[in-house]
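Overview (structure and organization)
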2 protein chains.
Amino acid sequence: MKIFNLNEIKSALANVNLVEEIEKGFVAYSNGEVIVPAVGELHFDSPPGDVHIKYGYIKNDDVYVIKIASGFLKNTNLGLANGNGMMLVFDQQTGQPKAILNDESYLTDVRTAIAGAISAKFLAPSKVKNIGIVGTGVQARMQLEYLKDIIDCKSVLVWGRSDESLLKYKVDMSNTSFDITITKDIDVIINNCQLIVTCTPTETPLIKMVHPGTHITAMGSDTITKQEISSSVLLNADLVVADSCSQCEERGEIFKAIKEGFRMKDVIELGQIIEGKSNKRLNDDQITIADHTGVAVQDIQISKAVLKYLN
Amino acid sequence: MKIFNLNEIKSALANVNLVEEIEKGFVAYSNGEVIVPAVGELHFDSPPGDVHIKYGYIKNDDVYVIKIASGFLKNTNLGLANGNGMMLVFDQQTGQPKAILNDESYLTDVRTAIAGAISAKFLAPSKVKNIGIVGTGVQARMQLEYLKDIIDCKSVLVWGRSDESLLKYKVDMSNTSFDITITKDIDVIINNCQLIVTCTPTETPLIKMVHPGTHITAMGSDTITKQEISSSVLLNADLVVADSCSQCEERGEIFKAIKEGFRMKDVIELGQIIEGKSNKRLNDDQITIADHTGVAVQDIQISKAVLKYLN
């Protein structure tokens, strides 16, 4: 069993065409070729924390992957990253451990950002004047990093709750190719952005309406309590896409909207869109929403891709 | 994060009073102090394999533990152990990984054997003339290793399907303090043993009746398909004990017996017996059965105990 640290993993990542690998994973998943049991979860109250265990395998593949990812929001006060975790890769023929990718949740962040980029690639309007980022955390930064090769737009409006986090975001992102404008008014995002990526852990919806010609990628809500977008927005959208129908039925934006009358049968799975088996956005006036809860096949694909360059 | 290998783990184990630690775990579990979500599972068909992910934490403890254990029965043909796995220990306050116990499933075997010893300690008749072991695998050996300090009996009858595995068992166990007699006739076990430990992965019951004055510890069945003991035996027993009521309702011997009319309300949890909150065996003529499916609290307790001597 080999153990790789974050620096080794980051070096290997540079060699990988991640969009291609993760797209293949979503397609395999939507075609029923991937075994992904229900997400394992642990919750802690004091201090508040969540652990997700996502695991599974692609049929007739070489490996199975178990991914552990935690989020402890008070870690910041201790000078620690909120997120942590690792990906464990085992031989599908024997159960022998092949490798531990001790990525400190970095690969989870990357595969999450890549999924956002894939949703934007297939669902954003043809012309994006401004990208809207809701949130100022890790994912709010990383989504942009992987959008830069997908969307030809450098103007970014970023929403946050505090001046401090917004200013830090602006400073941190000053060495990127993006032109960052910060705001505490969510309407600035709603009224000016054609591609909005929501990356917060809020349990009270921030986006309560959208204009025609908007695509929202909802990254933040991945539990039964989190919700970034009002259910009415999903009910009025032209197209709602899920990374995993079975997961989104039980957590996240779609889960919340179902309680308000939204119907699961109106949801298209991302893999179907990627493979061209379902229509994507039909014109630049439509409202489209992609709900991401994070699927183990993303972890499987990124683990395998990175391991190819580590071994 | 520290990583410990099997030799280091075995050395540390020598220092631990495992029975005491695991008993404490079962008591905490039965008192509702332990969070143990449903077991995570992966199944493979070709070659056949199972992976169990057991995880959880004791409230207000320092750590949470995620245990991965696999069984791939065809590994033997490749010269590999069937079982593999590891235990991962994380900080309950921050989610930071503290240690990986790369025990190759050894700690799972040990904590399973200890649980069997604990059941025998509380449930076996006062006089055991012969111990019966059903099966010839790892657990069939290890159960005896941990029974030797609990039960004052050195005569062991061992049942197996093949002469080869029985002879190998007898040779391998020749350096222990036990006097081993082998048999392929299950009735020899049933008719002569007052303490029977079943350690097979069979899906067709082997024990179809028992005499008064017998205790059976059923170690092997931990899925919805495995069953070592006919449901009628449970229906006619004086006392049926579960390591975990919620798990045994969904897998193993009790799960099977429920389909034949056995009632969950007649089951006592092992932690209640250990703590003296429920009656154990009342006399030497009773038939008692303990159904073990393996509970994450055993993994939590053994991980913590070993780590104390490793750090």
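Residues numbered from 1 in each chain as written. Chains lettered and ligands numbered in written order. Predicted model: local features only at pLDDT ≥ 70, side-chain atom pairs only at ≥ 80, totals over all residues.

Further remarks concern the packing of helix α1 (residues 6-13) of chain A against helix α11 (residues 296-310) of chain A. Residues and elements named next belong to chain A. Between α1 and α11, the least distance of the axes is 9 Å, while the angle of their chain directions is 95°. One way to sum up the angle between α1 and α11 is to call them roughly perpendicular. Note on element contacts: α11 touches α1 through V306, Y309 and L310, opposite E8, I9, A12 and L13. Looking at the contact of α1 with α11 residue by residue, the class counts come to six nonpolar, no polar and one charged. (Axes fitted to C-alpha atoms, helices over the stretch in contact; angles between N-to-C directions. Helix = DSSP H or I, 4+ residues; strand = E, 2+ residues; numbered from the N terminus. Parallel < 35°, antiparallel > 145°, perpendicular 65-115°, else oblique. Contact = placed C-beta atoms within 7 Å. Nonpolar A, V, L, I, M, F, W, Y, C, P; charged D, E, K, R; others polar.)

Let us look at the interface of chain B and chain A. Listed by partner, the interface residues are 31 residues for chain B and 31 residues for chain A. Elements that contribute at least two residues to the side of chain B that touches chain A include exactly β3 (40-45), β4 (48-58), β5 (63-71) and β6 (83-91) of chain B. At five residues, β4 of chain B tops the list of elements feeding residues into the side of chain B that touches chain A. Grouping the constituent residues of the side of chain B that touches chain A by class yields 19 nonpolar, eleven polar and one charged.

Below, the discussion takes up the environment of V233 of chain A. Residues and elements named next belong to chain A. Along the polypeptide, V233 turns up in helix α7 (residues 231-235). Through-space distance from the C-alpha of V233 to that of G32 is 29 Å; in sequence the pair is 201 residues apart. Ignoring any residue separated from it by four or fewer positions in sequence, one finds V233 in contact with I207, M209, V210 and I289.

This paragraph deals with the domain arrangement of chain A. Residues and elements named next belong to chain A. Segmentation of chain A into domains returns domain 1 (2-107 + 297-310) and domain 2 (123-294). A straight line from the C-alpha centre of domain 1 to that of domain 2 covers 23 Å. At the interface, ten residues of domain 1 touch ten residues of domain 2. Residue contributions to the side of domain 1 that touches domain 2 peak at five residues, all from helix α2 (residues 18-30). (Domains from an automatic or database assignment.)

Moving on, we get to the sheet that holds strand β15 (residues 288-291) of chain B. Sheet strands associate in pairs through backbone hydrogen bonding, adopting either a parallel or an antiparallel arrangement. All names here are of chain B. Read across the open sheet, the eight strands follow the order β10-β9-β8-β11-β12-β15-β13-β14; overall the sheet is parallel. Two strands close off the open sheet at either side, each with one partner strand: β10 (179-183) and β14 (267-269). Within the sheet, the average angular offset between the axes of one strand and its neighbour, ignoring direction, is 20°. Lying on the sheet, helix α3 (residues 106-123) is in contact with β11 (195-198), β12 (215-218), β13 (239-242) and β15; it crosses β12 at an angle near 160°. Sheet contacts for helix α4 (residues 138-147): β8 (131-134), β9 (155-159) and β11; angle to β8, the most-contacted strand, approximately 155°. (Pairing = 2+ DSSP bridges.)

Low-pLDDT portions of the prediction should not be read for the details of their coordinates. Averaged over every residue, the pLDDT of chain A is 96; the share at 70 or more is 100%. Across the interface, the model reports ipTM at 0.89; the global pTM reads 0.91. (pLDDT = per-residue confidence, 0-100.)

The next subject is the pairing of strand β6 (residues 83-91) of chain A. Residues and elements named next belong to chain A. By the criterion of burial, β6 is predominantly enclosed, with eight of the nine residues buried. As paired strands, strand β5 (residues 63-71) and β6 are joined by nine bridges and run antiparallel to one another. Note on β6: the bridge partner recorded for V63 is D91. Pairing geometry for β6 and strand β7 (residues 97-101), over four bridges, is antiparallel. When the sheet's bridge partners are listed, L88 is paired in β7 with I100. Linking β6 to β7, which pair antiparallel, is a turn of five residues; within it G95 sits at a positive phi near 80°. (Buried ≥ 20, exposed ≤ 12 C-beta atoms within 10 Å, placed from the backbone.)

Residues and elements named next belong to chain A. The strand order across the open sheet built from eight strands is β10-β9-β8-β11-β12-β15-β13-β14, with neighbouring strands paired in parallel fashion. Only two strands of the sheet have a single neighbouring strand rather than two, namely β10 (179-183) and β14 (267-269). Adjacent strand axes in the sheet meet at a mean angle of 20°, parallel and antiparallel pairs treated alike. Sheet topology note: the strand β8 (residues 131-134)/strand β11 (residues 195-198) ladder contains four bridges and is parallel. Bridge pairing in β11 links V134 to T198. Packed onto the sheet, helix α5 (residues 163-172) meets β9 (155-159) and β10 and runs at close to 180° relative to β10.

Relative to chain A, chain B is turned by 180° and slid 0.0 Å along the rotation axis, the superposed coordinates differing by an RMSD of 0.0 Å. Accordingly, the operation relating the two chain copies is best matched by a two-fold axis. When each C-alpha of chain B is compared by its distance to the rotation axis, G40 of chain B comes out closest, at 3.4 Å. By residue overlap, the copies meet face to face through one surface: 100% of the interface positions of chain B are interface positions in chain A. (Least-squares fit on C-alpha atoms with pLDDT ≥ 70 in both.)

It is worth spelling out the packing of helix α3 (residues 106-123) of chain A against α11 of chain A at this point. Residue and element names in this part refer to chain A. Contact geometry for α3 and α11: axes closest at 10 Å, N-to-C directions at 115°. Between α3 and α11, the angle falls in the class roughly perpendicular. With respect to the hand of their crossing, α3 and α11 are arranged in right-handed fashion. Facing α3, whose interface residues are L107, V110, R111 and A115, α11 presents Q298, D299, I302 and V306. Considered class by class, the residues forming the contact of α3 with α11 number five nonpolar, one polar and two charged. (Left-handed = near helix turned anticlockwise from the far one by under 90°.)

So, on to the pairing of β11 of chain A. Regular strands place side chains that alternate from one sheet face to the opposite one. Residues and elements named next belong to chain A. Residue alternation in β11 divides its side chains into two sets, L195 and V197 and I196 and T198, and both sets are buried. Pairing of β11 with strand β12 (residues 215-218), which is carried by four bridges, proceeds in the parallel orientation. The residue of β12 that forms the bridge with L195 is H215.

A word on unusual backbone geometry. Residue and element names in this part refer to chain A. With an omega of -5°, the peptide bond between S46 and P47 qualifies as cis. Within the element layout of this structure, P47 appears in the loop between β3 (40-45) and β4 (48-58). For S105, which is not a glycine, the phi torsion comes out positive at approximately 80°. Relative to the assigned elements, S105 resides in the loop between β7 and α3. Of the residues examined, S105 has 23 C-beta atoms within 10 Å and is grouped as buried.

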